[in-house]
Amino acid sequence: MTIEAVIWDFGGVFTTSPFEAFNRFEAERGLPKDLIRRVNATNPDTNAWALFERNEVDTTRFDALFLEESTALGHPVRGADVLPLLNGALRPQMVAALKACKQHFKVACITNNVVSMHSPGQDAGQRAAGAMAQVMPLFDAIIESSKAGVRKPDPKIYLMMCEQLGVTPQACIYLDDLGINCKPAAGLGMKAIKVVSVEQTLAELSVLTGLTFEAGPQA
């Protein structure tokens, strides 16, 4: 089927992955590597992170719940200490690829985010870099988990986007840095690309779209 839309995740795709910041934080605090990811992977539909991304708890409650969950794993970490780690550096090559795709396809963003001063783009560094200002206006449609009340990897959120765009899943490419979020997209019939690096992503996107992208130096 002909490609009609390219749907993108935001964090870890247009910006460097927060997992890098998580690992730096863990190393600085003497915590086990990937502890934060392990907290987030425990009870993934009902944990503090899931509730926060669906806007079912506020920042104060998230702080307390995350502390409870990390303490249960033997290493107390406050949720308030994790939120500032979410923002990454902008990847200009990915933004250029988005602009190129926009000339030929519908483009959209599905992002799991939180209603917080630390949502992507709300951090002072992000605002200064203009990450959100540069990227978000380019999309034809945006679905944010904190506003929609549903989050990836729930298949509903992908179908919601297809409905907004007026396309079938089979006519879509989906990009995300998390395999768990790519699987439901692929299951619906989308052509999923797991973002591991800028070079790899643009190479795969080129094959699927027939467009040529300049990877340049990676962020």
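Residues numbered from 1 in each chain as written. Predicted model: local features only at pLDDT ≥ 70, side-chain atom pairs only at ≥ 80, totals over all residues. Heavy atoms only, no water.

Novice: Requested: an account of the packing of helix 6 (residues 92-102) against helix 12 (residues 198-209), with residues and values cited.
Specialist: Any two packed helices are characterised by how steeply their axes cross, that is the angle between the axes, and by the distance between the axes. Two numbers describe how helix 6 lies on helix 12: the axes approach to 10 Å, and their chain directions differ by 15°. Between helix 6 and helix 12, the angle is such that the two are roughly parallel. Every pair of crossing elements has a handedness; the one defined by helix 6 and helix 12 is left-handed. Contacts from Gln93, Met94, Ala97 and Cys101 of helix 6 reach helix 12 at Val198, Thr201, Leu202 and Leu205. (Axes fitted to C-alpha atoms, helices over the stretch in contact; angles between N-to-C directions. Helix = DSSP H or I, 4+ residues; strand = E, 2+ residues; numbered from the N terminus. Parallel < 35°, antiparallel > 145°, perpendicular 65-115°, else oblique. Left-handed = near helix turned anticlockwise from the far one by under 90°. Contact = heavy atoms within 4.5 Å.)

Novice: Quick rundown of the sheet that holds strand 2 (residues 106-111)? Include the residues and the values.
Specialist: With parallel pairing, the five strands of this open sheet are ordered in space as 3-2-1-4-5. The sheet is open, and its two borders are formed by strand 3 (141-144) and strand 5 (191-194), each paired with just one other strand. Geometrically, the sheet is characterised by an average inter-axis angle of 15° between neighbouring strands, direction not taken into account. Bridge count between strand 1 (residues 5-8) and strand 2: four bridges; the pairing is parallel. Residue Val6 lies in a different strand from strand 2, and its bridge partner there is Val107. The sheet strands contacting helix 6 are strand 1 and strand 2, and the helix crosses strand 1 at an angle near 155°. (Pairing = 2+ DSSP bridges.)

Novice: Go over the pairing of strand 4 (residues 172-176) with me, naming the residues and quoting the values.
Specialist: In terms of burial, strand 4 is largely enclosed, as five of its five residues are buried. Alternating positions in strand 4 separate into two faces, Cys172, Tyr174 and Asp176 on one and Ile173 and Leu175 on the other, with burial throughout. For strand 1 and strand 4, the ladder comprises four bridges, and the chain directions are parallel. Within strand 4, the residue paired with Ile7 across the bridge is Tyr174. Looking at chain direction, strand 4 and strand 5 are connected through four bridges and run parallel. If you follow Leu175 over to strand 5, its bridge partner there is Ile193. Read from strand 4 through helix 11 (residues 179-187) to strand 5, the crossover connection turns out right-handed. (Buried < 20%, exposed > 50% of the residue type's maximum accessible area, 1.4 Å probe, protein only. Right-handed = clockwise from strand over helix to strand, strands pointing away.)

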